[in-house]
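Chain by chain, the residues:
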Amino acid sequence: MAQKTTPANLLTWKLHGDGRTVGEDEIVRPDERLAWPATIGLGLQHVVAMFGATFLVPLLTGFPPTTTLFFSGVGTILFLVITGNKLPSYLGSSFAFIAPITAATASDGPGGALFGIVVIGILLALVGALVQVTGTGWIDALMPPVVAGAIVALIGLNLAPVAKSNVEKAPWVALITLTAVILWTVVFRGLIARLSIFFGVVIGYVAAVIADQVDFTPVREAAWIGLPDFTSPTVAWSVLPAFIPVVLVLVAENVGHVRSVAHLTDPALNERTGRALLADGVATTVAGLGGGSGTTTYGENIGVMAATKVYSTAAYWVAGFFAIALGFLPKVGAVVNTIPPGVLGGVTTALYGLIGIIGVKIWIDNHVDFSRPANQFTAATALVVGIADFTFSAGELTFNGIALGTVAAIVVYHVMTTLERGRGTTPLP
């Protein structure tokens, strides 16, 4: 029988072997740890792994970088507590929020965008509570692979015009940044290759400095130590249509994360899927209440675990507290804010495309049969609606391409599948 998690044993781990080495065919399980110097080093490595993607979200949305880092650390700690210290995960800023935050900020200001984040956090927490009781079967039924893949893909590809806009402001710096990201990925191997976004930005930033496109005045004027820039949400119901589809993406990301970790460590961890969703929902809600962006589990950190074979939650406690500490360093935020549009354009050209490719990968991994009309029209309709950014207004509510594309994917699939069954055709996967 599994040991019940209590406050007394929440922060206890068994030492793996001698605490210094991991055998060729061994892994360090979530309830184990290496010696503390190695664990601290691994925790800092997780921060580096998430930093390259997480800091881009405040840059692209106008949110304060230190506040975003602070709440990513807080969210990570909350996740570990709510999941009983059994699931290793870093909660970084979700790219699924970029488009709705940008739209909401333009129409209702930062407070309106934060309101959307808070509502999504509450909805995700409710989904987590429901999954804890019912299991994930209804999620699989609502969002089969063809639907989930289409939604993830259209969210990334919907952002393509944003990348283009930044590239046009400094084409050569953007090209250098994009080239650096691509080459870094193939020249290097293992963990270092997984940090291509981070190092691509560094190389692009150096190019921008040489081209005199960076103003360091805000960095010189920023204090070394100070509080994050906390902001409160303001009620703006009109922003919600753009945010609602994000719930589906966060559900898919969290379920995928739990399944990946469970497959590599302990299948019993799948039973904590509901807790994981609840935890991310709480973390996103807390972030929105204080001025941070919504959170999600990070593939970059799964990559770190796969490369090191260390799945210890102890490393994530270190990472969470280190990210919180970074939130109190205004100079870090000032440096991040000096990254010019050309660098952002180069890196997001790859990054937004990669989000789209993740959707395609969902189709491939689940062997989606595109000879079946229901799958063809589900993906085709949703992608065009999302990429072209169709919009529909009803009073004060505006539904953008992401919202309409998500609805299209779900409705088209289920209507066509129902009609197939009605005429006696057995649908294929």
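Quick note: structure is the one above.
Residues numbered from 1 in each chain as written. Predicted model: local features only at pLDDT ≥ 70, side-chain atom pairs only at ≥ 80, totals over all residues. Heavy atoms only, no water.

(A) Examining the environment of Ile 355 more closely. Along the polypeptide, Ile 355 turns up in helix H17 (residues 341-365). It is 21 Å that separates the C-alpha atoms of Ile 355 and Asp 140, two residues lying 215 residues apart in sequence. With near-sequence residues (within four places) excluded, Ile 355 lies in contact with Phe 95, Val 152, Ala 153 and Gly 156. (Helix = DSSP H or I, 4+ residues; strand = E, 2+ residues; numbered from the N terminus. Contact = heavy atoms within 4.5 Å.)

(B) Here's a closer look at the packing of aromatic side chains. In the structure shown here, the tally under the stated rule is 12 aromatic pairs. Here Phe 70 and Phe 230 contribute two aromatic rings whose centre-to-centre distance is 5.6 Å and whose plane-to-plane angle is 75°, an arrangement assigned as edge-to-face. Separated by 160 residues along the polypeptide, Phe 70 in helix H3 (residues 65-82) and Phe 230 in the loop between helix H11 (217-221) and helix H12 (240-264) bring together distant segments of the chain. Taking relative accessible area as the criterion, Phe 70 reaches 13% and is therefore assigned buried. For Phe 230, a relative accessible area of 42% gives the class partly exposed. (Phe/Tyr/Trp six-rings, centres within 6.5 Å; stacked < 30°, edge-to-face > 60°. Buried < 20%, exposed > 50% of the residue type's maximum accessible area, 1.4 Å probe, protein only.)

(C) Highlighting the pattern of salt bridges. By the definition in use, this model includes 8 salt bridges. The salt bridge partner of Asp 31 is Lys 14, with a shortest N-O separation of 3.6 Å. In this pair, Asp 31 is assigned in the loop between strand S1 (14-15) and strand S2 (32-33) and Lys 14 in strand S1, connecting sequence segments 17 residues apart. The exposure class of Asp 31 is partly exposed, given its relative accessible area of 25%. A salt bridge links Arg 259 to Asp 140; the shortest N-O distance between them is 3.6 Å. One end of the pair, Arg 259, is in helix H12; the other, Asp 140, is in helix H5 (residues 137-142), with 119 residues separating them in the sequence. Classification of Asp 140 by relative accessible area gives partly exposed; the value is 38%. (Salt bridge = Lys/Arg side-chain N within 4 Å of Asp/Glu carboxyl O.)

(D) Main features of the nonpolar core. Leu 56, Phe 95 and Val 251 are the most contacted members of the largest nonpolar core, which totals 106 residues. Counting residues per element, this core draws most heavily on helix H4 (residues 98-134), which supplies 13 residues. Excluding residues that lie within four positions of it along the chain, Leu 56 makes contacts with Phe 95, Ile 197, Leu 344, Val 347 and Leu 351. (Core = buried A, V, L, I, M, F, W, Y, C linked by side-chain atoms within 4.5 Å.)

In short, geometric facts, not functional conclusions.
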